[in-house]
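Summary of the model geometry
Residue strings, one per chain:
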Amino acid sequence: MSLQLIEQSPLVLGAGDLWRKGTNADFLSAIRDGNLPSDAFHRWLVQDYAFAKGLAAFQAVAVAKTPRPAQKVLIAGLSGLDGELDWFEQKARMYDLDLNAASHPTCRRYVDYLIAAAYTQPVEVLLPILFGVEAAYLCAWSSLEASGPYAEFIQRWSNPLFVEYVTELLGICDREPDAIQQRQFNEVLRHEQDFWCMTWDG
Amino acid sequence: MLHASLWQRNADLAHCLLEHPFVRGMGDGTLDRDVFRRYVAQDAFFLRAFLKAYALAAAKSDDFERARVFHDLMTGVLDELKLHASYSATLGIDLDDVEPYAATRAYTDFLLRVAWHGSLAEIVAAMVPCMRVYQHLGNELANSLRPGHPYEQWIQAYSGDEFGQLCARLESLLDEIASNSPMVQDAYRYAMQCELDFFSAPLENL
C-alpha cells in the first residue's frame, strides 16, 4: 500500500491538472515554510469541522446504499470520522474557537454537493466521490514533513493507517471509471481547491 | 406573519436584486439577447431541481391539503418549463443539454440537499424566496412594459395573478408549518443570496 498506488489510479490520472490544483495550497505551503497566520489556521479548523460533519452525513447515506463487503470499509471510515469530530472539538476548546460559527459559503457549497449527491447518485458514483475526498486530503497533507508546530495535524492525515483506508476505498471503486464517475471525482477536486483557497483567503 | 417578516429581514438582498444590472436590463429592454439566452438555459436546469424539491416536500407531507398545494406548485413549474421551451425554439437552446454554471450548481445542490435531507419547514423556507423574488421583480418590471417590449412574455408571466396566487399559497404554507428559527432564517437568506448570484452568472460567464 502506498501513495503511489493512489496517485497512479485511473481516477487521479484521469483528472489531469485538477489533481494538482486540488492537492496543493498556499495554506499547506505556509505550514511548510513556518509562517501560517493564526487566523487562517483557526478558519481552517472551524470550517474543516463543519465539512467533516457534512461528510459524516454523506457517508451515513452512502453506507446504506453500499453492498457488503464493501460496506465494511465505509462503516469503519464513519467510525473514524466520529473520532475525528471528537478530536476537532477538543482542539476547538484548546484554541477557544466557536464550532457553531456559520459555515463559509465555500464550505457550504461543498457540503451541499456531497449530501445532495449521497441521495441522488448511485453507489457506483458515491464511492469515487468518497475516494476523491479522502485521497485528495491524504496526498495534500502527505506533501509535508510531520514536524514543527503542526506535526500532529500533518501526521493525522498522512499516517499509514490513513493510507490503508484510502487504498481500501480505491479498492472498492470500479477499476475503470466511466465518464460520470470521473466527472464527479473531478467535481470533488474543484471543491477541494476552492476549500483550500478559502482557508487562505478567507 | 413569518413570510412577511423574512421578506422584510432580507430587504437588502431584495433591493440588490431589483437594482441588479440583469434585472434593470430586462426592465428597460436593453439586456443583451445572448445573456438572456444563457439565463434561460440555466433557469431550465434549475427548475428541474426545483420541481424535484416540491415533489420531495409533498412526500414529506402527511396532510393531503398540503400535498395538493405542492402538486399545484409542481404544475406551476411545469408551466414555467413550457415557457422556457417556447424560448428555446426562438433562442436556439437545447434545454436537455445544459452545463450548469457554478452559481446554478450551488443553488441546485442546496435545494436538493435540503429537500432530501431537511425538514418540511426548511424545504419551504428554501423555496419561498425564488417564488417571492420572481413575483416581486415581475410586478416591479410590469410598470416598464410598452408595446413590443423584448421581455414582455417573461414580465407578464411573473407579474400575473396566477403566479401571484401560487406564491401566496407557498408563503401561507410557510406561515403554517415553520417557526422563526435560525435554521429557517438561514435557509431563506441563503436562497435569496443564491437568487442574486444566479442573475450575476449569465453576465459573468461570457
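Scroll up a little and you will see the structure.
In this report, we go over the structure that sits alongside the text.

Calculation rules
- Residues numbered from 1 in each chain as written.
- Chains lettered and ligands numbered in written order.
- Predicted model: local features only at pLDDT ≥ 70, side-chain atom pairs only at ≥ 80, totals over all residues.
- Helix = DSSP H or I, 4+ residues; strand = E, 2+ residues; numbered from the N terminus.
- Rg over C-alpha atoms; globule rule 2.2 N^0.38 Å.
- Buried ≥ 20, exposed ≤ 12 C-beta atoms within 10 Å, placed from the backbone.
- Contact = placed C-beta atoms within 7 Å.
- Nonpolar A, V, L, I, M, F, W, Y, C, P; charged D, E, K, R; others polar.
- Expected span 1.5 Å × (residues − 1).
- Axes fitted to C-alpha atoms, helices over the stretch in contact; angles between N-to-C directions.
- Parallel < 35°, antiparallel > 145°, perpendicular 65-115°, else oblique.

Broken down by element type, chain A carries 11 helices and zero strands. Relative to the globule expectation of 17 Å for 202 residues, the C-alpha radius of gyration of chain A, 16 Å, shows essentially globular dimensions. Along the first, second and third principal axes, the C-alpha set of chain A runs to 40 × 30 × 30 Å. Taken across its 202 residues, chain A has 38% of its residues classed as buried. Restricting to contacts in chain A with at least 6 residues of sequence separation, those with at least 24 account for 82%.

Take the interface of chain B and chain A next. Opposite the seven residues of chain B that make contact, chain A presents eight residues. Residues of the side of chain B that touches chain A, tallied by class, amount to four nonpolar, one polar and two charged.

On to the environment of Val125 of chain A, then. Residue and element names in this part refer to chain A. Looking at the element boundaries, Val125 is found in helix α8 (residues 123-142). Residue Val125 is classed as partly exposed on the basis of its 19 C-beta neighbours within 10 Å. When the C-alpha positions of Val125 and Ile180 are compared, they lie 7.3 Å apart, and in sequence the two are 55 residues distant. Ignoring sequence-local partners within four residues, the contact set of Val125 consists of Ile180, Gln181 and Gln184.

Helical geometry: 3.6 residues make up each α-helical turn, so side chains three or four residues apart lie on a common side. Taking 1.5 Å of rise per residue, 16 residues should cover 22 Å, and helix α6 (residues 102-117) of chain B covers 22 Å from first to last C-alpha, within 8% of that figure. In terms of burial, α6 of chain B is a largely internal element, 13 of the 16 residues being buried.

Next up on the list: the packing of helix α3 (residues 21-28) of chain B against helix α10 (residues 182-204) of chain B. All names here are of chain B. Taken N-terminus to C-terminus, the directions of α3 and α10 make an angle of 80°; their axes are 8 Å apart at the nearest point. Between α3 and α10, the crossing angle belongs to the class labelled roughly perpendicular. Counting all contacts with α3, which are made through Pro21, Phe22 and Val23, the residues of α10 involved are Phe199, Pro202 and Leu203.

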